[in-house]
Amino acid sequence: MTEPFQPASIYARNADPSVRVVIAPTKYIQGPGVLNTVGLLAQRLGFGKVGLLASRRGHGAEAAAVKQALESSTIDTATSEFGGESSLREIEARVADLSPEALDVLFAIGGGKCVDAGKCIAERLGVPVIIVPTLASNDAPCSALAVLYTEAGVMSGAEFFPNSPIAVIVDTDVIAAASERYLVSGMGDAMATWYEAKVCAENPAARTVLGTRPTITATAMSELCAHTLYDHGEAACEAVRHGAPNESLEQVVEANTLLSGIGFESGGLAGAHGYAQGYTVLPSVEEHYLHGEMVAMGVMAQLMMEDCPDEARRVGEFFVRVGLPVHLGQMGLSATQTEDIEAVVQGAMSFAPFANLPFPVDQDRVRQGMLTASVLGEAITAEHGEQAFQRIR
Ligand SMILES: [Zn+2]
């Protein structure tokens, strides 16, 4: 077994000025009905045998469409059923399914955990990976890293890969048919991209997950990501309610998937994802809330820590309009549950990129950010109601 690939061990050696790196998928393809084109694409890329990783549900839906498109272009397929957790045990089992098949490429078709597991499986099989996200709920598809979980679903680490996915293919007919809550959650994850990348760009001591300084390219993509959400977020939700893509949905799916994916990996993370990691230590939250919903709570808390209450209000009002949580009550928590609050604070502080904030991060400051953001969120929902939040769950 070769040593795990660690980008920081290559790039982080230069102290000042630091190396800067952009990581991106080779191709990003998005639009209504694009799954029908994968046969032709795979043929032109010279693939004879394709592996298809999807959940049981996925094999009856999107993966079946991919299989049909491939087979109508006379490409052989082999299938493997993803069990639901991006854990080492699951990954090894799927590698065992697929290694006798002599594949040329693996398609990973599904949500965030399936696509991350697919990257790990393809790496072990020694073949390239093509990602087909069926939800726009997270920024996993475009990155060259995978988050790993225990079999119980607790985050346990990450794997980095020397190669990016050779294609990310997003069919917006599929996204428009999924539940609105997934798209909205993806907007929470994507909105954090700008507020975290901005911190990293402005703080010369900050480093990305690759151990590098952010590029101006990734920083600009992060800013465009936030503008796109503010301008098109609500209209994109409407498209999903009607089950049909529109121009706003196309723009928001691109923001959630491509801009946010490159933005977080090459622009840098900070406090918002720290709070999100903190929330996962509470089983009541971990089981009932999506990653992007926890990140949304983290965006407001990070902005309060940074003493930017006006920007926190601006983003909070947007979150209320699309249905993201903005106060502890909407997460089933209260400021008086001090044990839970302290558990989140401790979990948040164990997230290394929190150190990208340009001031010392201590327990009091992390707790204060979280609690003052919740008070602000309560004030915003008192003014504007929480109809969208209620509607989408
Ligand atoms: Zn995220």
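Everything here concerns the structure above.
Residues numbered from 1 in each chain as written. Predicted model: local features only at pLDDT ≥ 70, side-chain atom pairs only at ≥ 80, totals over all residues. Heavy atoms only, no water.

### What to know about the pattern of salt bridges
Tallying each qualifying case throughout the model produces 22 salt bridges. Salt-bridge contacts for E202 lead to K198; the nearest nitrogen and oxygen are separated by 3.4 Å. Residue E202 and its partner K198 are located together in helix α8 (residues 180-202), separated by four residues, close to a single helical turn. Here R313 makes a salt bridge to E317, at a shortest N to O gap of 2.8 Å. Of this pair, R313 and E317 both sit in helix α14 (residues 309-322), four residues apart, roughly one helical turn. Classification of R313 as partly exposed rests on a relative accessible area of 24%. Residues joined in a network through salt bridges with shared partners are E90, R94 and D97. (Salt bridge = Lys/Arg side-chain N within 4 Å of Asp/Glu carboxyl O. Helix = DSSP H or I, 4+ residues; strand = E, 2+ residues; numbered from the N terminus. Buried < 20%, exposed > 50% of the residue type's maximum accessible area, 1.4 Å probe, protein only.)

### Let's talk about the coordination of the zinc ion
In an ideal octahedron of six donors the angles at the metal are 90 or 180 degrees, and in an ideal tetrahedron of four donors they are 109.5 degrees. All of the protein donors around the zinc ion are D189 (OD), H273 (NE2) and H291 (NE2); their distances to the metal are 2.1 Å. As a motif over one chain, the donors of the zinc ion read D-x83-H-x17-H. Of the two residues, D189 is situated in helix α8 and H273 in helix α11 (residues 271-279); the sequence distance between them amounts to 84 residues. Side by side, D189 and H273 carry an identical accessibility label, which is buried. (Donors = N, O, S within 2.8 Å, 3.2 Å for Na, K, Ca; no water.)

### As for the sheet that holds strand β1 (residues 28-31)
Here we have six strands laid out as an open sheet, ordered β1-β8-β5-β4-β2-β3, and parallel in their pairing. Here the strands that pair on one side only, and so sit at the sheet edges, are β1 and β3 (76-81). Direction aside, neighbouring strands of the sheet carry axes that sit 20° apart on average. Across four bridges, the pairing between β1 and strand β8 (residues 167-171) is parallel. Looking across to β8, one finds that Q30 is bridged to V170. This element, helix α4 (residues 62-71), spans β2 (49-54), β3 and β4 (105-110) of the sheet and lies at about 170° to β2. On the sheet, helix α6 (residues 112-125) packs against β2, β4 and β5 (129-133) and is oriented at approximately 165° with respect to β4. (Pairing = 2+ DSSP bridges. Axes fitted to C-alpha atoms, helices over the stretch in contact; angles between N-to-C directions. Contact = heavy atoms within 4.5 Å.)

### Quick look at the packing of α14 against helix α16 (residues 363-384)
Where α14 meets α16, the axes come as close as 10 Å, and the angle between the chain directions of the two elements is 50°. One way to sum up the angle between α14 and α16 is to call them oblique. The hand of the α14/α16 crossing is right-handed. Along its contact with α14, which presents P309, A312, R313, G316, E317 and V320, the element α16 presents L376, A379, I380, T381, E383 and H384. (Parallel < 35°, antiparallel > 145°, perpendicular 65-115°, else oblique. Left-handed = near helix turned anticlockwise from the far one by under 90°.)

### Digging into the nonpolar core
Ranked by internal contacts, the top residues of the largest apolar core, which has 94 residues, are L183, Y279 and F319. The residues touching F319, leaving out its near neighbours within four places in the chain, are M191, A296, V299, M300, L324 and V326. Within the second largest apolar cluster, 22 residues are counted, among which are V38, L41, V66 and V105. (Core = buried A, V, L, I, M, F, W, Y, C linked by side-chain atoms within 4.5 Å.)

### Examining the packing of aromatic side chains
Counted under the stated rule, the structure contains three aromatic pairs. Where Y230 meets F318, the ring centres are 5.4 Å apart and the plane angle is 70°; that geometry is what we call edge-to-face. Taken as a pair, Y230 in helix α9 (residues 216-242) and F318 in helix α14 lie far apart in primary sequence, 88 residues in all. Each member of the pair, Y230 together with F318, is buried. Measuring from centroid to centroid gives 6.3 Å for F318 and F319, while their planes differ by 55°, and the two rings are tilted. Taking relative accessible area as the criterion, F318 reaches 0% and is therefore assigned buried. Relative accessible area serves as the criterion here: at 0%, F319 is assigned to the buried category. Clustering of aromatic rings is evident, with ring pairs tying together Y230, F318 and F319. Just above the ring of Y230 sits the side chain of R314; from NZ or CZ to the centre is 3.9 Å. (Phe/Tyr/Trp six-rings, centres within 6.5 Å; stacked < 30°, edge-to-face > 60°. Lys NZ or Arg CZ within 6 Å of the ring centre and 35° of its normal.)

### Looking at the side chain of R367
Within the secondary structure, R367 is located in helix α16. Separated by 2.6 Å, the side chains of R367 and E342 make a polar contact. With sequence-adjacent residues up to four places away left out, R367 is seen in contact with I341, E342 and V345. (Polar contact = N/O pair within 3.5 Å; in protein donor to acceptor, adjacent residues only side chain to side chain.)

### Looking at the pairing of strand β6 (residues 145-149)
Of all the five residues making up β6, four are buried; the element is thus mostly covered by neighbouring parts of the structure. Both β6 and strand β7 (residues 155-160) contribute to a ladder of five bridges, which runs antiparallel. Paired with L148 across the two strands is G157, which belongs to β7.

Read these as spatial facts, not as claims about activity.
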